[in-house]
Amino acid sequence: MKPVLIAALLAGTAAHAQDFNAVEKGRKLAITADCAACHTGDAGEFAGGVPLETPFGTLVGSNITPDQATGIGRWTKEEFRRAVKSGKAADGHLLYPAMPYTDYANMTDADVDAIFDYLQTVPAVHNEVEENQLPFPLNMRVALYGWNLVNQTDATYETNPDKSEEWNKGRYIVMGPGHCAACHSPRNLTGGEKTGDDFLTGATLENWHAPDITADPRLGVGGWSEDEIIAYLKTGHNAYDTASGPMAEEVALSSSKWSDGDLASVAAYLKEGEVDAPASAKAPDPLDAQSASMQAGAAIYGDRCSACHAADGEGVAGLYPKLSGAPLVMADDPTSLGRVVLAGSQAGATAAAPTGPVMPSFGATLDNAQVAAVLDYIRNSWGNAAPAVDTGDMASLRKDLQTQ
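Residues numbered from 1 in each chain as written. Predicted model: local features only at pLDDT ≥ 70, side-chain atom pairs only at ≥ 80, totals over all residues. Heavy atoms only, no water.

Chemist: Pulling in residues and values, what's your account of the overall build of the protein chain?
Modeler: Secondary structure summary: the protein chain contains 16 helices and 7 strands in total. Taken along its principal axes, the extent of the C-alpha atoms in the protein chain is 90 × 50 × 40 Å. Buried residues in the protein chain amount to 49% of all 404 residues. (Helix = DSSP H or I, 4+ residues; strand = E, 2+ residues; numbered from the N terminus. Buried < 20%, exposed > 50% of the residue type's maximum accessible area, 1.4 Å probe, protein only.)

Structure (structure tokens):
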């Protein structure tokens, strides 16, 4: 074989490997960014059509397959990057911030480009999607110019040279492709993510409370080991918590498929937290164990809950989470606890933990005062301390769940 031909073959092989590596990088980043959660529905992978319930109405995930007419087949790499990081589509219309472009703004151009390259390789699906189903006047996209002026839309991630490479990598994943703040940071009146001291301190959406994931040792994940954080993200379970609702979906579609290196980096960052994070707030005093609510709650707990979660609140490792010392149990907002008591819950299943335990519903056998009482008990026993649960809040939650 002539030397020129051999060189050409080697060059072709190298180019093919380079293309494969770029696409594979984009595939992994699309998983980290959880693109499937909003863009994969009944029409096919990334073909859109997934309804997204927001406090302002319903939006629908768009078709991001390479279909020429209904997807992103005619988009350029620059147009895709602008949509992902700035919220402006190829034709110039503004995207609603249900697309977390304020978080994706922290991604590098190279990472966004890699996702674009990957999406060009998935099967094209012709699926016309009506994305904007908001009521008037919220369906007027012109208001988004004002929204973008009010809310943070530029990148905020910067490498901290005083921290380890692993910490910085974890922070990049959390702030960028992982877009953890989209659920775990509270929102302002316009629906924008609060930043600064509020970053990752928890938020409530669709009757689920996404808990505090700062390094706060009582309310956040600072009391968890890095291995416990990794176990939760990879399997949906650890000693303190079981992923349910939207988080179960996130674990199944995204974090359970992250590399061990990415999981370790995110755990290192969350465990240590932000450099300038505020000091932990003083824990409230626990409710009086002799109060009527605590006494009623103790009786209900002994009858309905202790068989799985144990009389001492320690749970059963690998099956039922412990309630003692659990951050979500002591969260200021008891919405998630109330929800699982009223409506039950099916924990997410992953390849590493294929059997998701079930929490039965007690909504038919406990009235609102009884639900509040049992929550008071578990939130203020075994060393736990949290504000009393309002019976009216449980009544409102029950009503909301019945209409969903």
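After presenting the structure, the write-up continues.
Chemist: Before we move on, could you go through the sheet that holds strand β3 (residues 132-133) and cite the residues and values that matter?
Modeler: Taken together, 3 strands build an open sheet; the order of strands is β1-β2-β3 and the sheet is antiparallel. Bordering the open sheet on either side are β1 (51-54) and β3, each of which pairs with just one other strand. (Pairing = 2+ DSSP bridges.)

Chemist: Lay out the pairing of β1 in plain terms, naming residues and giving numbers.
Modeler: Relative to strand β2 (residues 57-60), β1 runs antiparallel, the two sharing 4 bridges. The residue of β2 that forms the bridge with threonine 54 is glycine 57. Counted between consecutive antiparallel strands, the loop separating β1 from β2 contains 2 residues.

Chemist: Can you lay out helix α6 (residues 143-150) for me, pointing to particular residues and giving the numbers?
Modeler: Looking at α6, one finds that the buried residues are Leu144, Trp147 and Asn148. Buried residues of α6, viewed axially, fall in a sector of 95°; they line one side. Structural note: α6 exposes Ala143, Leu149 and Val150 on the side pointing more than 90 degrees away from its buried face. Turning to α6, the residues buried within the fold contact α4 (101-104). (Arc of directions from axis to C-beta. Contact = heavy atoms within 4.5 Å.)

Chemist: Which residues make up a negative patch on the surface, and what values do they have?
Modeler: A cluster of acidic residues, Glu165, Glu166, Glu226 and Asp227, forms a negative patch on the protein surface. Listing elements by their share of the negative patch, those giving two or more residues are α7 (165-175) and α9 (226-235). In this fold, glutamate 165 is placed in helix α7. Among the residues examined, glutamate 165 registers a relative accessible area of 72% and is labelled exposed. (Patch = residues over 30% accessible without salt bridge, like charges linked within 9 Å, V, L, I, M, F, W, Y side chains within 5 Å. Areas by Shrake-Rupley, 256 points an atom, 1.4 Å probe, with all protein chains shown as cover. Salt bridge = Lys/Arg side-chain N within 4 Å of Asp/Glu carboxyl O. Lys, Arg positive; Asp, Glu negative; His and termini not counted. Charge placed at Lys NZ, Arg CZ, Asp CG, Glu CD.)

Chemist: Quick one: what's the story with the packing of α9 against helix α11 (residues 260-272), residue by residue and with numbers?
Modeler: For the pair α9 and α11, interaxial distance at closest approach is 9 Å and the crossing angle is 125°. Accordingly, the angle class assigned to the pair α9 and α11 is oblique. Every pair of crossing elements has a handedness; the one defined by α9 and α11 is right-handed. Residues Glu226, Ile229, Ile230, Leu233 and Lys234 of α9 touch α11, and the partners they reach there are Asp260, Leu263, Ala264, Val266, Ala267, Ala268, Leu270 and Lys271. Across the contact of α9 with α11, the residue classes break down as 9 nonpolar, no polar and 4 charged. (Axes fitted to C-alpha atoms, helices over the stretch in contact; angles between N-to-C directions. Parallel < 35°, antiparallel > 145°, perpendicular 65-115°, else oblique. Left-handed = near helix turned anticlockwise from the far one by under 90°. Nonpolar A, V, L, I, M, F, W, Y, C, P; charged D, E, K, R; others polar.)

Chemist: Tell me what's going on with the pattern of salt bridges, and back it up with residues and numbers.
Modeler: Scanning all chains against the criterion turns up 12 salt bridges. Residue aspartate 111 is joined to lysine 25 by a salt bridge in which the shortest nitrogen-to-oxygen separation is 3.3 Å. Here aspartate 111, found in helix α5 (residues 109-119), pairs with lysine 25, found in helix α1 (residues 3-32); they are 86 residues apart in sequence, far enough to count as distant. Residue classification places aspartate 111 among the buried residues on the basis of a relative accessible area of 10%. On the basis of relative accessible area, lysine 25 is assigned to the partly exposed category, the value being 37%. One salt bridge connects lysine 169 with aspartate 262, and the closest N-O pair in it is separated by 2.9 Å. Here the residue lysine 169 occupies a position in helix α7, and aspartate 262 occupies one in helix α11, the gap between them amounting to 93 residues. Lysine 169 sits in the partly exposed class, given a relative accessible area of 38%.

Chemist: So, α9: which residues are in play, and what are the values?
Modeler: Every buried residue of α9 is listed here: Ile229, Tyr232, Leu233 and Thr235. Each element contacted by the buried residues of α9 is listed here: α10 (245-253) and α11. Among the residues trailing α9, glycine 236 stands out with phi positive, at a value near 85°.

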